[in-house]
Structure formats: structure tokens, C-alpha cells
Amino acid sequence: MPRFITLEGIDGCGKSTQAKLLAEDLERAGYDVLLLREPGGVTISEKIRELLLDPAHAAMGDTCELLLYEAARAQLVHEVVAPALAQGRIVVCDRFYDSTTAYQGYANGMDLGAVQRANALAVGACHPDLTLVFDIDPAKAAARAAARDRAQDRMEAKGLAYQERVAAGFRAIAATESERVRLVDAGRGIDAIHADVRALVLGQQLDTEGVFGRDLDVEGA
Ligand code: TMP
């Protein structure tokens, strides 16, 4: 059973909805679950999030952007992720360091080795056991994001070509780290995606221990 699970994908891919559904599944199955988001999750990191996403900060350079994401992450890991994992809790995080590799590395074009070193510095020993990348056509995701009842943030304002580079980055990460990172077809309805997520996270447990079969109606189990 993975203990540290991260959900990734471009803006508008639907991962936040799936993160909540997954956390509920795990709680119903009796696990002590912590659901977090990045950047954010604790006071200092939420403040850094405001700096990062404020559309007024159009002048922000790539290096500043990278280091602010890493600073937010380092604080989240320090304050809650590392202690929660040490206590045996399950951590579900809506984005983590693969977002930095995809956005700041692949899409911004920063040196991938430097980005990976920055990721490593921020997280120490806290690496995800399982990462789900929600793969969707960027035009479809943009239409979903546009339907939201709020203005675009600084990252969303970078446009469709940018999101296409991010999507390609996530696919490259999934191809490179196929053991940890799984692609989920996110161009479908919520229920179909949720069924895949459950199978990927809980399927192994069902096969080996049969714990979830008692409480949950897991499709395809
Ligand atoms: P969210 O909208 O999924 O909460 O994420 C906030 C934005 O920050 C989103 O556009 C993705 C971006 N982001 C990065 O560019 N790098 C990162 O490391 C993270 C965690 C998010």
C-alpha cells in the first residue's frame, strides 16, 4: 500500500476532485489520511502560494519562481509531510515535485538537472511512493478551467502553448519513472477516472490483503 501518494497534471485536469475522492476512499477504509495541496498546505506555504499566483507579479523571473515553489515545498515537508509519514499516516498531496519538473523544468526550459537538485534539497527523504498523472488534451483542460468562476492566476495566464509543454513534460516524467508514475486518462467523466484511481491505489491491497473488499464497492476488484 503506497503511503505517500501525489496527484499531478496540467491546470484543469481534474486532479483536485480526484484527490478528495481518493482521500475519502482511504478514510472509509480506516486509514488516517492527510490531504494536502501544493503550493500551500501550511501558513507559510500558503503565503508563498499567493506570491506565486498573483497575476500582478508578471515580472517574476524563472529562478525566483523555481525557488519559491521549492521554499513552499520545503516548509510543507518540514511541518507536516515528514511528521505525518513518520506517524504512519497516509499523505495524499495535490501536486508535488513533479509539477516543478514539468512546469519550471520542461515548460520554462530551465536546466532539468538543476531543477532536480532543487527538488531534492526541498524534500530530503520524503519521496512519493505512487504518483498519478492526469493526462488530458490541454485544449479540453483549458475549457474546463475557463468554466471556473474565478479569474485566471499568473500560471494559468501563460496560455495554451505553455500548458502543452507542461503536458509533454508530465508524459516524459511518466515514461522515465514508470515504476512510480502512472498515467491516468483524464479526458473522461469523474466516475470513470475515479474507478481507475481506486484500482491503481487500492488494487494491490485488494489482491494481497483483501482489506478493502469489506467496506468498499471497488469496481473491477
Ligand atoms: P493548482 O492550481 O493545481 O493549485 O496549482 C497552482 C499552480 O502552480 C498551477 O498552475 C501549477 C503551478 N505549479 C508549478 O508551476 N510548479 C510547482 O512546483 C507546483 C507545485 C505548482
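Since we're looking at a predicted model, the values are computed, not measured. (Residues numbered from 1 in each chain as written. Predicted model: local features only at pLDDT ≥ 70, side-chain atom pairs only at ≥ 80, totals over all residues. Heavy atoms only, no water.)

Colleague: Looking at this structure, how should I read the overall build of the protein?
Modeller: The helix and strand inventory of the protein stands at eight helices and five strands. Helices and strands in the protein line up, N terminus first, as β-α-β-α-α-β-α-α-β-α-α-β-α. When the backbone C-alpha atoms are referred to their principal axes, the protein occupies close to 55 × 35 × 35 Å. With an accessible surface of roughly 10200 Å², the protein has 52% of that area assigned to carbon and sulfur atoms. If the 24 positive side-chain charges of the protein are averaged to one point and the 34 negative ones to another, these points end up 2 Å apart. (Helix = DSSP H or I, 4+ residues; strand = E, 2+ residues; numbered from the N terminus. Areas by Shrake-Rupley, 256 points an atom, 1.4 Å probe, with all protein chains shown as cover. Lys, Arg positive; Asp, Glu negative; His and termini not counted. Charge placed at Lys NZ, Arg CZ, Asp CG, Glu CD.)

Colleague: Can you help me understand helix H7 (residues 160-176) in this one?
Modeller: Each full turn of the α-helix corresponds to 3.6 residues, which orients residues three or four apart in the same direction. With 17 residues, H7 should cover 24 Å at 1.5 Å per step; its first-to-last C-alpha distance of 24 Å lies within 8% of that length. Within H7, burial applies to Tyr162, Gln163, Val166, Ala167, Gly169, Phe170, Ile173 and Ala174. Projected onto a plane normal to the axis of H7, the buried residues spread over an arc of 155 degrees and lie on a single side. Every exposed residue of H7 that faces more than 90 degrees away from the buried side is listed here: Ala175 and Thr176. Taken together, the buried residues of H7 touch strand E1 (4-9), helix H3 (62-86), helix H4 (97-107), strand E4 (130-135), helix H6 (138-146) and strand E5 (181-185). (Expected span 1.5 Å × (residues − 1). Buried < 20%, exposed > 50% of the residue type's maximum accessible area, 1.4 Å probe, protein only. Arc of directions from axis to C-beta. Contact = heavy atoms within 4.5 Å.)

Colleague: When you look at helix H2 (residues 43-53) in this model, what are you seeing that I'm missing?
Modeller: Where H2 is concerned, the buried positions are Ser45, Ile48, Arg49, Leu52 and Leu53. For H2, the buried positions fall inside an angular range of 125 degrees around the axis, keeping them on one side. Counted as exposed and oriented over 90 degrees from the buried face of H2: Thr43, Lys47 and Glu50. Tucked inside the fold, the buried residues of H2 contact strand E2 (33-37) and H3.

Colleague: Help me understand the packing of aromatic side chains, please; the structure alone is not making it clear to me.
Modeller: Two descriptors summarise a pair of aromatic rings, namely the distance from one centre to the other and the angle between the planes of the rings. The tally for this structure, following the rule as stated, stands at four aromatic pairs. When the ring of Tyr103 is compared with that of Tyr162, the centres are 6.2 Å apart and the planes differ by 50 degrees; the resulting orientation is tilted. A residue pair is termed long-range when its members are at least 10 positions apart, and Tyr103 in helix H4 and Tyr162 in helix H7 qualify at 59 residues. Of the two residues examined, Tyr103 and Tyr162, each falls in the buried class. Look at Tyr103 and Phe170: their rings are 6.3 Å apart centre to centre, the planes differ by 80 degrees, and that puts the pair in the edge-to-face class. Of the two residues, Tyr103 sits in helix H4 while Phe170 sits in helix H7, which places them 67 residues apart along the sequence. (Phe/Tyr/Trp six-rings, centres within 6.5 Å; stacked < 30°, edge-to-face > 60°.)

Colleague: What am I meant to see in the packing of H2 against H3 here?
Modeller: Between H2 and H3, whose axes approach to 9 Å, the crossing angle comes to 165 degrees. On the basis of the axis angle, H2 is roughly antiparallel to H3. Crossing of H2 against H3: the hand is left-handed. Residues Ile44, Ser45, Ile48, Leu51, Leu52 and Leu53 of H2 form the contact with H3, whose own contacting residues are Glu65, Leu68, Tyr69, Ala71, Ala72, Gln75, Leu76 and Glu79. When its residues are assigned to classes, the contact of H2 with H3 shows 10 nonpolar, two polar and two charged. (Axes fitted to C-alpha atoms, helices over the stretch in contact; angles between N-to-C directions. Parallel < 35°, antiparallel > 145°, perpendicular 65-115°, else oblique. Left-handed = near helix turned anticlockwise from the far one by under 90°. Nonpolar A, V, L, I, M, F, W, Y, C, P; charged D, E, K, R; others polar.)

Colleague: I'm lost on empty space enclosed by the protein in this one. Help?
Modeller: Evaluation of the coordinates by the stated rule reveals one cavity of 30 Å³ or more. The computed volume of the largest cavity comes to approximately 40 Å³. Along its surface, the largest cavity is lined by Gly9, Ile10, Val133, Phe134, Asp135, Ile136, Ala167 and Phe170. Secondary structure elements with two or more residues in the lining of the largest cavity: E4 and H7. When residues of the lining of the largest cavity are assigned to their parent elements, the largest contribution, three residues, is made by E4. Partitioned by chemical class, the residues of the lining of the largest cavity number six nonpolar, one polar and one charged. (1 Å grid on protein atoms, 1.4 Å probe; cavity = no way out; pocket = protein on both sides within 12 Å on 5 of 7 lines; lining within 4 Å. Points joined across faces, edges and corners; volume = space filled by probe spheres on them.)

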